[in-house]
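Notes for the structure review
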Amino acid sequence: MGHQPLLPNFVLHAPLVYHLLTDYNSTPITAQNVERRLRKAVRGKRILEIGCRGGALLKFFANHGAIVAGTTSTSKYPAVQHTLVGSLVVDSSLHNLGHHPELIQFKPDIIVSFNLMSSNRWIGEKFPYTQAYRALTKIARGKARIYVQPAVDGEPILSKPSSIQRGRYVR
């Protein structure tokens, strides 16, 4: 019987989870210890996802003991509120990210963003790089780790499905 991958629908997020699993821990990751190690890595951590879409990754982290918050666009806001009941969800774009004191008050330990900074999201308008990074720095307060996975034309450049197989990082 085959091992079920830790992140069955999150190939894109494998590098982040692998980093969390191996951070300050040099013991090999095995199918037997991966769940315990992930819970230990995120339990009690405050994780903020910028551009959380439907909130699936945050729900995954919450199920492993993290305290989560997310930002999303107006069209996805009701769905995320439903998925992350009791969590902070902010309707925000990169343009106004720094204008939400509740994100600073959340005091995240980890800030993540996947594909939000994809070039195809900003067709016809100038991408607010400087504004976005200033806001992330302000929210991080010099304490949070920031994981931003860039993308080009909607394709993540650090973890294409062709280069990372689901569950491959688990021995």
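Coordinates for the structure precede this section.
Right, let's walk through the structure included here. Within every chain, residues take consecutive numbers counted from 1 along the sequence as written. In keeping with the model being predicted, local features are shown solely for residues with a pLDDT of at least 70 and side-chain atom pairs are shown and tallied solely at 80 or more, while totals for entire chains, interfaces and linings include all residues. Excluding hydrogens and water, the side-chain figures rest on all heavy atoms present in the structure.

Next up on the list: the environment of Lys45. Looking at the secondary structure, you find Lys45 in the loop between helix 2 (34-42) and strand 1 (46-50). For the pair Lys45 and Lys107, spaced 62 residues apart in the sequence, the C-alpha separation amounts to 9.9 Å. Contacts are assigned to residue pairs with any non-hydrogen atoms lying within 4.5 Å of each other. Apart from the residues within four sequence positions on either side, Lys45 is in contact with Ala66, Ile67 and Asp109. Runs of E in the DSSP output that reach at least two residues are strands. Runs of H or I that reach at least four are helices, and both are numbered from the N terminus.

This part takes up the sheet that holds strand 4 (residues 110-114). Strand pairing is defined by DSSP finding a minimum of two bridges between the two strands. Taken in spatial order, the five strands of this open sheet run 3-2-1-4-5, and their pairing is parallel. Sheet topology places strand 3 (88-91) and strand 5 (145-149) at the edges, where each strand pairs with a single neighbour. Taken pair by pair, the neighbouring strands of this sheet meet at an average axis angle of 15°, ignoring direction. In this structure, strand 4 lies alongside strand 5, joined through five bridges in parallel fashion. Its bridge partner being in strand 5, Ile110 is matched across the sheet by Arg145. With respect to the sheet, helix 6 (residues 129-140) is in contact with strand 1, strand 4 and strand 5, its orientation differing from that of strand 5 by roughly 150°. Axes, fitted as lines to C-alpha atoms, cover a helix only where it is in contact. Angles between the N-to-C directions of the axes lie from 0 to 180 degrees.

Think of it in three bands: with a 1.4 Å probe and only protein chains considered, a residue is buried below 20% of the maximum accessible area for its type, exposed above 50%, and partly exposed in between. For helix 2, every residue scored as buried is listed here: Val34, Arg37, Leu38, Ala41 and Val42. For helix 2, the angular spread of the buried residues around the axis is 115°, confining them to a single face. Every exposed residue of helix 2 that faces more than 90 degrees away from the buried side is listed here: Arg36 and Lys40. On its buried side, helix 2 packs onto helix 1 (14-22), strand 1 and helix 3 (56-63). Among the residues trailing helix 2, Gly44 stands out with phi positive, at a value near 80°. Directions are taken from the helix axis to each C-beta atom, and the arc is the one they span.

Let us look at the environment of Ser73. Considering the arrangement of structural elements, one finds Ser73 in the loop between strand 2 (67-72) and helix 4 (77-83). Accessibility expressed as a relative area gives 36% for Ser73, which makes it partly exposed. Ser73 sits 21 residues away from Leu94 along the chain, and the two C-alpha atoms are 9.7 Å apart.

Time to look at helix 6. Given a helix with a known number of residues, its expected span is that number minus one, times 1.5 Å. With twelve residues, helix 6 ought to run about 16 Å at 1.5 Å a step, and its terminal C-alpha atoms sit 16 Å apart, in line with that. Within the span of helix 6, buried status applies to Ala132, Ala135, Leu136, Ile139 and Ala140. When helix 6 is viewed along its axis, its buried side chains cluster within an angular range of 130° and face the same direction. Opposite its buried face, helix 6 presents the exposed residues Arg134 and Thr137, each directed more than 90 degrees away. In this structure, the buried side of helix 6 is in contact with strand 1, helix 5 (101-105), strand 4 and strand 5.

Turning to the packing of aromatic side chains, a few remarks are in order. Note on aromatic pairs: each is described by the distance of the centres and the angle between the planes. Note on ring pairs: Phe, Tyr and Trp rings are taken, using the six-membered ring of Trp, and paired if centres are within 6.5 Å. Classes follow the plane angle, with under 30 degrees stacked, over 60 edge-to-face and the rest tilted. Inspection of the entire model under this criterion finds one aromatic pair. The side chain of Arg46 reaches across the aromatic face of Phe106, ending 4.5 Å from its centre. Any Lys NZ or Arg CZ found within 6 Å of a ring centre and within 35 degrees of that ring's normal is scored as a charge over the ring.

Structural measurements only, silent on function.
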